[in-house]
Amino acid sequence: MLPETEIRKRARQVLDAHWDEERGHTYPHTSTYRHQWLWDSSFAAICWHHFGEPARARRELAGVLSAQFPDGFVPHMRYAAPNRDRGPLDHCSSYTQPPIYAHAARVLAAAGPLPAGLTDRIGAALDWLWRRRRTPEGLIRLVHPWESGADDSPRWDDWVAPYIGVADPATLRWDKPNWTVFDWHLVDATQFDDHGVAEHSTVFECAPAAYNALYAHAAAELAELTGDPFWRERSVRLAAVMDDVLWDADEGLWSDAPVIGGGGTARIPTLDGVLGALVTADPAKATRALNQLADPHRFAAPYGLAYVARDHSSYQPDGYWRGTAWMQMNYLAALAARRWGRDDLTEAIAVMSRAAVEHSRFAEHWNPETGQGHGAIPLTWSGLVITFGR
């Protein structure tokens, strides 16, 4: 395996090659992903912080929130050139993504003052989700799989199968053309508000376990940044609802809750279901979920973590969001393990991740059995490998 100094050197080369000084952010990949993505840039800001580049880190994170709407909405993409691929707006997406910016801000705060007004912007963004996207049970709902970050997860199969003419969702295999058609169908099914922001869907709404965990975690991070107990209380409140509504005792994970459409595939065991350990107050639930990170029948693999449990029939180790491993998911799983003092897990994830970047060449995602890279190669968020063990 490459020494850590070499891994760090190569990770820095990947980020430098994708940095745009004029726009002040890091492209995920200069030819494949020519826009600024919310969670990609939030993770890139964390990488810049760990490289001792606080100025770049702050510019990157400020850019994530630079397209924020007056009501608090933060789009998941800020376009490099005008287009209307993801809603009626031509400068940014009409959808959002996981609010990783709050965690990134907490990391960056260790190196000095944050950009003026940043915590206020983060608070407005979290408040928008709370006001505009909650279910009657009190969970955060999404209106397109893009908003989860996990675009083609098998958890969405009960929504997809009828649309593409598959009788049994259990037989659905990943096929990019079918998924692409479905994605654009969901844009057509979206109801946008007067500002062009996605508000409802006529066919797809879901309260995902991972998104709710990341929102509750973001609220807790903002509480630490501001000292305002309001955000801590909101975090605790949402975590309690997750434990009550989303905990799946059979799988030992938190599962998604369909709101409009969907069905039983929302319970397919994925790495998303571990992230409730970021916020739960229940040590038994956290332990049961986290232990699956070390279980080779579940998520642990030679180049893991596998996104879908390896013992499940939906597992496709080369399939996009159907089983491949992802560095940002490794990072979040390690963050959850660290919260519970699981040094055994954080070290195991670090070893897997270092092996993965060597074999996949810092790929967007990769086969957790072989390390074969997939998607854009290299992709900037794989630079998160330098944060493990810190």
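The coordinates are above.
The structure contained in this document is the topic of the report that follows. Small disclaimer: the values here were computed from a predicted structure and weren't measured.

Topic: the overall build of the protein chain
Counting secondary structure elements, the protein chain contains 12 helices and 12 strands. The C-alpha radius of gyration of the protein chain comes to 19 Å, within 12% of the 21 Å expected for a compact globule of 390 residues. For the C-alpha atoms alone, the extent of the protein chain along its principal axes is close to 50 × 50 × 40 Å. Long-range contacts, defined as pairs at least 24 residues apart, comprise 66% of the intrachain contacts of the protein chain with a sequence gap of at least 6. Accessible area for the protein chain stands at about 14,000 Å²; split by element, carbon and sulfur atoms hold 50% of it. Here the protein chain holds 37 positive side-chain charges and 49 negative ones, and the gap between their average locations is 4 Å.

Describing the environment of Ala-116
As for its placement among the helices and strands, Ala-116 is situated in the loop between helix H4 (101–108) and helix H5 (118–132). Assessed through its relative accessible area of 80%, Ala-116 is described here as exposed. Along the chain, Ala-116 and Ala-62 lie 54 residues apart, while their C-alpha atoms are 9.5 Å from each other.

Details of the side chain of Lys-285
Among the secondary structure elements, Lys-285 is positioned in helix H10 (residues 283–291). Among the polar contacts made by the side chain of Lys-285, one reaches the side chain of Asp-282 at a distance of 3.0 Å. Residues contacting Lys-285, with those up to four places away along its chain left out, are Asp-243, Trp-247 and Trp-254.

Comments concerning the packing of aromatic side chains
Evaluation of the coordinates by the stated rule reveals 24 aromatic pairs. Relative to Trp-48, the ring of Trp-19 has its centre 5.7 Å away and its plane inclined at 80°; by these criteria the two rings are edge-to-face. Taken as a pair, Trp-19 in strand S1 (residues 19–20) and Trp-48 in helix H2 (residues 38–50) lie far apart in primary sequence, 29 residues in all. Each member of the pair, Trp-19 as well as Trp-48, carries the same accessibility label: buried. Consider the rings of Trp-179 and Phe-182, whose centres lie 6.1 Å apart with planes at 90°: the pair is edge-to-face. Placement of the pair is Trp-179 and Phe-182 together in helix H7 (residues 176–188), with a separation of 3 residues, close to one helical turn. In this structure, Trp-179 and Phe-182 share a single accessibility class: buried. Taken together, Trp-39, Phe-43, Trp-174, Tyr-307, Tyr-320, Trp-321, Trp-326, Tyr-331 and Trp-381 form an aromatic cluster joined through their ring pairs. Positioned above the aromatic ring of Phe-51, the side-chain terminus of Arg-12 is 5.5 Å from the ring centre. Residue placement shows Arg-34 over the ring face of Tyr-27; its charged tip is 4.4 Å from the ring centre.

A few points about the packing of H2 against H4
Contact pair H2 / H4: the axes reach a minimum separation of 9 Å and the direction vectors enclose 10°. Considered as vectors, H2 and H4 are oriented roughly parallel to each other. Counting all contacts with H2, which are made through Leu-38, Ser-42, Ala-45, Ile-46, His-49 and His-50, the residues of H4 involved are Tyr-101, His-103, Ala-104, Val-107 and Leu-108. A breakdown of the residues in the contact of H2 with H4 according to their chemical character gives 7 nonpolar, 4 polar and no charged.

Brief notes about the pairing of strand S6 (residues 198–201)
In terms of strand pairing, strand S5 (residues 190–192) meets S6 through 3 bridges, oriented antiparallel. Across the sheet, Thr-190 pairs through a bridge with Ser-201, a residue of S6. What sits between the antiparallel neighbours S5 and S6 is a turn of 5 residues, in which Gly-196 has the positive phi angle 85°.

Some details on the packing of H2 against helix H11 (residues 327–339)
Between H2 and H11, the shortest axis-to-axis distance is 12 Å and the interhelical angle comes to 65°. For the pair H2 and H11, the sense of crossing is left-handed. Listed contacts from H11 to Trp-39, Phe-43 and Ile-46 of H2 are Gln-328, Tyr-331 and Leu-332. Residues belonging to the contact of H2 with H11 are distributed by class as follows: 5 nonpolar, 1 polar and no charged.

Thoughts on the side chain of Asp-183
In this fold, Asp-183 is placed in helix H7. One buried charged residue, Asp-183, remains without a salt bridge, the closest side chain of opposite sign being Lys-176 at 5.0 Å. With residues up to four places along the chain from it excluded, the contact list for Asp-183 reads His-144, Trp-146 and Asp-152.

Section: the pattern of salt bridges
Within the structure shown, the criterion is met by 25 salt bridges. Ionic contacts of the salt-bridge type, sharing partners, join the residues Arg-12, Asp-16, Glu-53 and Arg-56 into one network.

Here's the deal with the nonpolar core
If you look at the biggest cluster of nonpolar residues, it comprises 118 residues, and the most contacted ones within it are Phe-43, Leu-61, Tyr-101, Ile-122, Leu-293 and Tyr-331. Sorting elements by how many residues they give to this core places helix H8 (residues 209–226) first, with 11 residues. Filtering out sequence-adjacent residues up to four positions away, Tyr-331 remains in contact with Phe-43, Ile-46, His-103, Val-107, Leu-384, Thr-387 and Phe-388. By size, the runner-up hydrophobic cluster in this structure holds 9 residues, among which are Trp-156, Trp-179, Phe-182 and Phe-204.

What counts as what
- Residues numbered from 1 in each chain as written.
- Predicted model: local features only at pLDDT ≥ 70, side-chain atom pairs only at ≥ 80, totals over all residues.
- Heavy atoms only, no water.
- Helix = DSSP H or I, 4+ residues; strand = E, 2+ residues; numbered from the N terminus.
- Rg over C-alpha atoms; globule rule 2.2 N^0.38 Å.
- Contact = heavy atoms within 4.5 Å.
- Areas by Shrake-Rupley, 256 points an atom, 1.4 Å probe, with all protein chains shown as cover.
- Lys, Arg positive; Asp, Glu negative; His and termini not counted.
- Charge placed at Lys NZ, Arg CZ, Asp CG, Glu CD.
- Buried < 20%, exposed > 50% of the residue type's maximum accessible area, 1.4 Å probe, protein only.
- Polar contact = N/O pair within 3.5 Å; in protein donor to acceptor, adjacent residues only side chain to side chain.
- Phe/Tyr/Trp six-rings, centres within 6.5 Å; stacked < 30°, edge-to-face > 60°.
- Lys NZ or Arg CZ within 6 Å of the ring centre and 35° of its normal.
- Axes fitted to C-alpha atoms, helices over the stretch in contact; angles between N-to-C directions.
- Parallel < 35°, antiparallel > 145°, perpendicular 65-115°, else oblique.
- Nonpolar A, V, L, I, M, F, W, Y, C, P; charged D, E, K, R; others polar.
- Pairing = 2+ DSSP bridges.
- Left-handed = near helix turned anticlockwise from the far one by under 90°.
- Salt bridge = Lys/Arg side-chain N within 4 Å of Asp/Glu carboxyl O.
- Core = buried A, V, L, I, M, F, W, Y, C linked by side-chain atoms within 4.5 Å.

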